[in-house]
Amino acid sequence: MNNSRLRYLSILLGVLIFATSCSSGGGSEPEIELGAPIANQAANVTSSSFKASWSRVYRADSYLLDVSEDSGFASSLTGYNEKSLIALNEEITNLESKKVYYYRLRAVNGTVVSSYSNTVEVTTTFVPDPNLSLKKAADTFLVGVSVQSGKLNGQYDEIYRREFSSITAEWEMKMNVMHPSAGTYDFGPADAIVKYGEDNGINVHGHSLIWHNSTPDWVKNFAGTDQEFEDMIEDYITTVVTRYKGKVTSWDVVNEGLEDGSGNLRNTIYRQKMGDDYIAKCYQFVRAADADVLIFYNDYNMITDQTKQDAVFTMVDDFIARGIPIDGVGFQMHISHDYPAKADIQKATDRIVERDLLVHFSELDVRANPNKDLTSLSPERSLSQKAKVKEVVQVFNGIPNGNKYALTVWGLKDSETWLLDFYGHVDWPLLFDGNYNKKDAYYGFLEGLQ
Ligand code: XIL
């Protein structure tokens, strides 16, 4: 046999052996072990797209991709039911914002198809509609802001009307302003604020009839008997509540009446003159003047100061048991970007709802710089603040509608927050920056409503 013959025979033999090995198994499919692909977390997630990608599978020549809105893949997005792909990634487009999608794959070699990969869940990002506003987004409760009578014009006015459905006077409806001396009242600023609310269809929350920090000197140094003091307080409450009857929906009647830590009654002039039941007395004066106005107890540190929180609810339960009028509880919510925890806000809020009272988060501001480590608001801190605002709004939005009153922010712009004076260092606790621009925190509010 010459060489070429030998080569011919050996090729023939090879072909025969190959053909025999392929047909062993009696004509069934070739037995290729095709592993399942591993689907990676989605990348480049936007409000309308994301990039799906997966691992290469040995001997796979293509992949089948399913994308669905349903984790069980009962149906798939158009074009994404077993979409055959050779590449190891695919850009999925034309999606809806803030929506959850799922994807999974199988590998293919000829007619052999692997089992499914893991399923990847991906949520497209949220892009608010530019026509959206806080009050439009929060359609089940009032969104409030504290205001000043001299700043109800220009951009303040524009933003108040666009974004907010409730206002609270930051300081002009307190006793030191409205009742500066015995026998005299100054309702000028309060009237302007209430009129602004009326003219623009914005709710007005009254704040606050009795507060130790806004007690005028003449009241602190009251010259007269205890009964005369009580009569004077009754007269003051009756005068103010009657004046704004039908215009002011709700009043913080006594603000910050309990002490931190102990939860004891704060030893104010009101307590000294009118006795331990002075809060109940004031509530009754309000109710006598206006049968419909909502009566709130308002205080701070009620989330994390458990003793104070317990004391407030003990007082509230006592009022309910004795038939003393009370309609709601206000948590001031002067908080920080990393504190308190959402679960603690939730637990404290639940205690208001359990008593079927109205909830007011009445003075929200979220410190971004509680440890004074920043001189300007960093992107990271801004996002941390946004996340906290979102949590607060999520808790509020989760309250049964019948128990929601309002979520009020304590000021419009960072540059005018009371905290600059109060803590004496720079911070950015509000939803708008000093130039009236919406901050991340603003979008956190909107996202909390999604
Ligand atoms: C603050 C105002 O923001 C300041 O402008 C004013 O000088 C003092 O009061 N708890 C309250 C609010 O209930 O009334 C306080 O408002 C902030 C703390």
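Reading the values: rules and limits
Residues numbered from 1 in each chain as written. Predicted model: local features only at pLDDT ≥ 70, side-chain atom pairs only at ≥ 80, totals over all residues. Heavy atoms only, no water. Helix = DSSP H or I, 4+ residues; strand = E, 2+ residues; numbered from the N terminus. Rg over C-alpha atoms; globule rule 2.2 N^0.38 Å. Buried < 20%, exposed > 50% of the residue type's maximum accessible area, 1.4 Å probe, protein only. Contact = heavy atoms within 4.5 Å. Areas by Shrake-Rupley, 256 points an atom, 1.4 Å probe, with all protein chains shown as cover. Lys, Arg positive; Asp, Glu negative; His and termini not counted. Charge placed at Lys NZ, Arg CZ, Asp CG, Glu CD. Axes fitted to C-alpha atoms, helices over the stretch in contact; angles between N-to-C directions. Parallel < 35°, antiparallel > 145°, perpendicular 65-115°, else oblique. Left-handed = near helix turned anticlockwise from the far one by under 90°. Nonpolar A, V, L, I, M, F, W, Y, C, P; charged D, E, K, R; others polar. Near = heavy atom within 4 Å. Polar contact = N/O pair within 3.5 Å; in protein donor to acceptor, adjacent residues only side chain to side chain. UniProt positions renumbered as here; feature names shortened; annotations may be inferred. Core = buried A, V, L, I, M, F, W, Y, C linked by side-chain atoms within 4.5 Å. Pairing = 2+ DSSP bridges.

Participant: Any chance you could break down the overall build of the protein for me, citing the residues and the numbers?
Facilitator: For the protein, the count of helices and strands is 14 helices and 16 strands. The C-alpha radius of gyration of the protein comes to 33 Å, more than 25% above the 22 Å expected for a compact globule of 450 residues. Principal-axis analysis of the C-alpha atoms places the extent of the protein at approximately 135 × 45 × 40 Å. A total of 450 residues make up the protein; the buried ones form 50% of that total. A separation of at least 24 residues holds for 72% of the contacts in the protein among residues at least 6 apart in sequence. For the protein, the exposed surface amounts to about 20500 Å²; the carbon and sulfur share of it is 48%. Taking the average location of the 42 positive side-chain charges in the protein and that of its 61 negative ones, the two points are 7 Å from each other.

Participant: Talk me through the packing of helix 12 (residues 379-397) against helix 14 (residues 440-448); I want residue IDs and the actual numbers.
Facilitator: Following both chains from N to C, one finds helix 12 and helix 14 inclined at 30°, their axes separated by 7 Å at the closest point. In this view, helix 12 runs roughly parallel relative to helix 14, as classed from their interaxial angle. Considering only the axes of helix 12 and helix 14, their crossing is right-handed. Each of Ser382, Leu383, Gln385, Lys386, Val389, Lys390, Val393, Gln394 and Asn397 in helix 12 lies in contact with helix 14, whose residues at this interface are Asp440, Ala441, Tyr443, Gly444, Phe445, Glu447 and Gly448. Residue classes in the contact of helix 12 with helix 14 are distributed as six nonpolar, six polar and four charged.

Participant: Before we move on, can you summarise the site of the ligand with the specific residues and values?
Facilitator: By nearness alone, every residue bordering the ligand is listed as Glu170, Trp171, Lys174, His207, Trp211, Asn255, Glu256, Gln332, His334, Glu363, Trp410 and Trp418. For the ligand, an oxygen atom lies 2.7 Å from a polar atom in the side chain of Lys174. Gln332 is positioned with one of its side-chain polar atoms (N or O) 3.2 Å from an oxygen atom of the ligand. Summarising the interface, the protein chains cover 78% of the accessible area of the ligand, which totals 410 Å² for the free molecule. Its residues placed into classes, the shell around the ligand shows four nonpolar, four polar and four charged.

Participant: Before we move on, could you go through the environment of Asp317 and cite the residues and values that matter?
Facilitator: Tracing the sequence through the fold places Asp317 in helix 10 (residues 306-322). On the basis of relative accessibility, which here comes to 32%, the residue Asp317 falls in the partly exposed class. Expressed as a C-alpha distance, the spacing of Asp317 and Gly328, which sit eleven residues apart in the sequence, is 12 Å.

Participant: Can you tell me about the side chain of Thr124, naming the residues and giving the values?
Facilitator: Mapped onto the elements of the fold, Thr124 is located in the loop between strand 7 (120-123) and helix 2 (134-137). Within the structure, the side chain of Thr124 is placed 2.6 Å from the backbone oxygen of Glu96, a separation counted as a polar contact. A polar contact is formed between the side chain of Thr124 and the backbone nitrogen of Lys99, at a distance of 2.8 Å. If we ignore the near neighbours within four places in the chain, the residues touching Thr124 are Val45, Thr46, Ser47, Ser49, Leu95, Glu96, Ser97, Lys98, Lys99 and Tyr101.

Participant: Describe in detail the UniProt feature "domain: Fibronectin type-III" (unreviewed entry) in the protein, supporting the description with residues and values.
Facilitator: The sites that carry the UniProt feature "domain: Fibronectin type-III" (unreviewed entry) are, in the present numbering, residues 36-130. Annotated as 0% helix and 36% strand, the span residues 36-130 places its first and last C-alpha atoms 43 Å apart.

Participant: Can you break down the nonpolar core residue by residue, with the values?
Facilitator: Within the largest apolar cluster, 97 residues are counted, with the highest numbers of intra-cluster contacts made by Ile233 and Trp251. Here the element with the most residues in this core is helix 9 (residues 278-289); it accounts for eight residues. Counting 23 residues, the second largest nonpolar core, distinct from the first, contains Ala42, Val67, Leu77 and Leu105.

Participant: Can you lay out the pairing of strand 10 (residues 203-211) for me, pointing to particular residues and giving the numbers?
Facilitator: In terms of residue burial, strand 10 counts as a mostly covered element, since nine of its nine residues are buried. Of the strand pairs in this sheet, strand 9 (residues 166-169) and strand 10 are connected by three bridges, and their pairing is parallel. Bridge assignment links Ser166 to a residue of strand 10, and that residue is Asn203. Sheet topology places strand 10 next to strand 11 (residues 250-255); five bridges connect them, and they run parallel.

Participant: Summarise the environment of Glu198; cite the residues concerned and give the values.
Facilitator: As for its position among the elements, Glu198 is in helix 5 (residues 188-200). When the C-alpha atoms of Glu198 and Val248 are compared, they prove to be 9.4 Å apart, with 50 residues separating the residues in sequence.

Participant: Any chance you could break down the environment of Ile92 for me, citing the residues and the numbers?
Facilitator: Along the chain, Ile92 turns up in strand 4 (residues 89-92). Looking at Ile92, the relative accessible area reads 0%, which means it is buried. As for Ile92 and Ser146, which are separated by 54 residues in sequence, their C-alpha atoms are 44 Å apart. Excluding its chain neighbours within four sequence positions, the residues that come into contact with Ile92 are Ser48, Ser49, Phe50, Leu65, Val67 and Tyr80.

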